[in-house]
Amino acid sequence: MTGRQPTGVGIIGAGNISTQYLDNLTRFPDVEVRFIADAIPERAAAQAQKYGVPASGSVDALLAHEDVSVVANLTIPAAHAEIDQHCIAAGKHVWSEKPVAMDRESAASLLAAAAASGLRVACAPDTVLGAGIQTALRSIARGDIGEPLTATTIFQVPGPDAWHPDPEFLFATGAGPLFDMGPYYVTTLVHVFGSATRVHAVASRSRERRTIAAGPRAGQSFPVAVPTHHAALIEFGGGTSAQTTFSFQHALPRAGFVEINGTEGTLSLPDPNLFDGDSQLWRSGSDQPETLRAVGAAEGRGTGLVEMIRAIDAGVPERASGTLAAHVLDILLGIRDAAERGIPIGIDSTVDRIPPLPEQFDPTQPQAGLHP
């Protein structure tokens, strides 16, 4: 299906993250951004003018736009599920920033509404579709480490109060390191191991209040509403498992650590919060690693939206699916609940195994209708 017209895209939310999306979506040939909406009309208009987008205004005006068939929802997490439901009701496919919802029921209701309407819901993070993680996943798929058995992931930093000028939202209900950073690591683990079955967890909170260290509000303190450290054991099918740490209370920063151990070796993956990066492969019996150079697209945010559009054209499932996002949310909520209740929590949702992207996938080339 070569020569088709670009798919019309609308963006809801003209905040900071919209710049990262617009930098890419306005140069990806398979899509054309035709409308930007925001609760602050002036902010939407400014982004539209900056990027040459022909129209801006309210969410209702975007949803009524006949030439927009996919909406990128870049609003705050608490608004994701509600706005996505409005998009589905208006007959639009949805790309949502993470998380897809704040609770299991809202995620299930959204996916059911999309299925009933023949529409797609896909969700960030799409960093997992970048060259770095995809090269590692292709290595695992071809058997470089044998059968994957276990994993270790670590994200630990002092906390965003050390550098963010307005960090309160990252310590509020629905945030913390578990929900802010967890999706990047857990999504990668699900790509490797498939569906999770049960989680165990503990949590702690080092301080009841934090003090802003940078920016014009430096010295102001604020309350901490959630745990700032979660340590979890995630069980997957067939006895495989992953030990994970998500922390805002370590003086020694250690982030981007993902290792997958198999029957024949160990693979050290690049940072799952990035689109690029090499992997280190340690084969059993060798005392030196092999460097696996990242191969594929590393364009950044918006890659998953293009992959979804190509999947729609080809009539196949998208890789960054709403079903995957709902399963990842289920795992994160399970970790939260296991820590609060002091008992293991079963994970009832499942997701189909996700094949790696082929090396030739490239959102910068006009390949709509050609889904690898």
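Use the structure listed above.
Residues numbered from 1 in each chain as written. Predicted model: local features only at pLDDT ≥ 70, side-chain atom pairs only at ≥ 80, totals over all residues. Heavy atoms only, no water.

Participant: With reference to specific residues and values, describe the overall build of the protein chain.
Facilitator: On a plain count of helices and strands, the protein chain comes out with nine helices and 17 strands. Taking 372 residues into account, the globule formula puts the C-alpha radius of gyration at 21 Å, and the protein chain, at 20 Å, falls close to it. Dimensions of the protein chain, computed from the C-alpha atoms along their principal axes, are close to 55 × 50 × 35 Å. Across the protein chain, contacts joining residues at least 24 apart in sequence account for 71% of those joining residues at least 6 apart. In the protein chain, 26 positive and 40 negative side-chain charges are present, and the distance between their average locations comes to 3 Å. (Helix = DSSP H or I, 4+ residues; strand = E, 2+ residues; numbered from the N terminus. Rg over C-alpha atoms; globule rule 2.2 N^0.38 Å. Contact = heavy atoms within 4.5 Å. Lys, Arg positive; Asp, Glu negative; His and termini not counted. Charge placed at Lys NZ, Arg CZ, Asp CG, Glu CD.)

Participant: Give a detailed account of the packing of aromatic side chains, specifying residues and quantitative values.
Facilitator: For any two aromatic rings, the description comes down to two numbers: the centre-to-centre distance and the angle of the planes. Taken as a whole and judged by the stated rule, the model has six aromatic pairs. A network of ring pairs unites the aromatic residues Phe155, Phe171, Tyr185, Phe222, Phe246 and Phe248 as a single cluster. (Phe/Tyr/Trp six-rings, centres within 6.5 Å; stacked < 30°, edge-to-face > 60°.)

Participant: Can you break down the pattern of salt bridges residue by residue, with the values?
Facilitator: Overall, the coordinates contain 20 salt bridges when judged by the stated rule. A salt bridge links Asp330 to Arg104; its shortest N-O distance comes to 2.5 Å. Of the two residues, Asp330 sits in helix 9 (residues 322–341) while Arg104 sits in helix 5 (residues 104–117), which places them 226 residues apart along the sequence. Residue class for Asp330 comes out buried when judged on its relative accessible area of 7%. (Salt bridge = Lys/Arg side-chain N within 4 Å of Asp/Glu carboxyl O. Buried < 20%, exposed > 50% of the residue type's maximum accessible area, 1.4 Å probe, protein only.)

Participant: Go over the environment of Gln5, please, and point to the residues and values.
Facilitator: Residue position: Gln5 is located in the segment before strand 1 (7–12). You can call Gln5 exposed: its relative accessible area is 62%.

Participant: Lay out the nonpolar core with the relevant residues and their values.
Facilitator: The biggest cluster of nonpolar side chains holds 103 residues, and the ones touching the most others in it are Ile36, Trp95, Val100, Ile234, Ile260, Leu305 and Ile331. Not counting the four nearest positions on each side in its chain, Ile36 is found in contact with Ile11, Ala14, Leu22, Ala44, Gln47, Ala48, Val53, Ala55, Ser56 and Gly57. (Core = buried A, V, L, I, M, F, W, Y, C linked by side-chain atoms within 4.5 Å.)

Participant: Explain the sheet that holds strand 4 (residues 70–73) to me, and be specific about the residues and the numbers.
Facilitator: The sheet built from six strands is open, its strands ordered 3-2-1-4-5-6 with parallel pairing. Of all the strands in the sheet, just strand 3 (56–57) and strand 6 (121–123) have a single pairing partner and so form its edges. In terms of strand pairing, strand 4 meets strand 5 (residues 93–96) through four bridges, oriented parallel. Residue pairing across strands places Asn73 opposite Ser96, the latter belonging to strand 5. (Pairing = 2+ DSSP bridges.)

Participant: Could you give an account of the state of the cysteines, with specific residues and numbers?
Facilitator: For the structure shown, the criterion picks out zero disulfides. Cysteine Cys87 is unpaired, with the sulfur of Cys123 as its nearest cysteine sulfur at 13 Å. The exposure class of Cys123 is buried, given its relative accessible area of 3%. (Disulfide = S-S within 2.5 Å.)

Participant: Describe helix 7 (residues 176–193), listing the residues and the values that go with them.
Facilitator: Within an α-helix, residues lying three or four positions from one another point in the same direction, as the helix has 3.6 residues per turn. Given a rise of 1.5 Å per residue, 18 residues ought to cover 26 Å, and the 25 Å separating the end C-alpha atoms of helix 7 matches this to within 8%. Approximately 60 degrees is the largest bend angle found in helix 7, and it occurs at Gly182, with the proline Pro183 only one to four residues beyond. Taken across its 18 residues, helix 7 has 17 buried, putting it largely inside the fold. Downstream of helix 7 by a residue or two, Gly194 has a phi angle that is positive, lying close to 90 degrees. (Expected span 1.5 Å × (residues − 1). Bend = angle between axes of the 7 residues up to and from the residue.)

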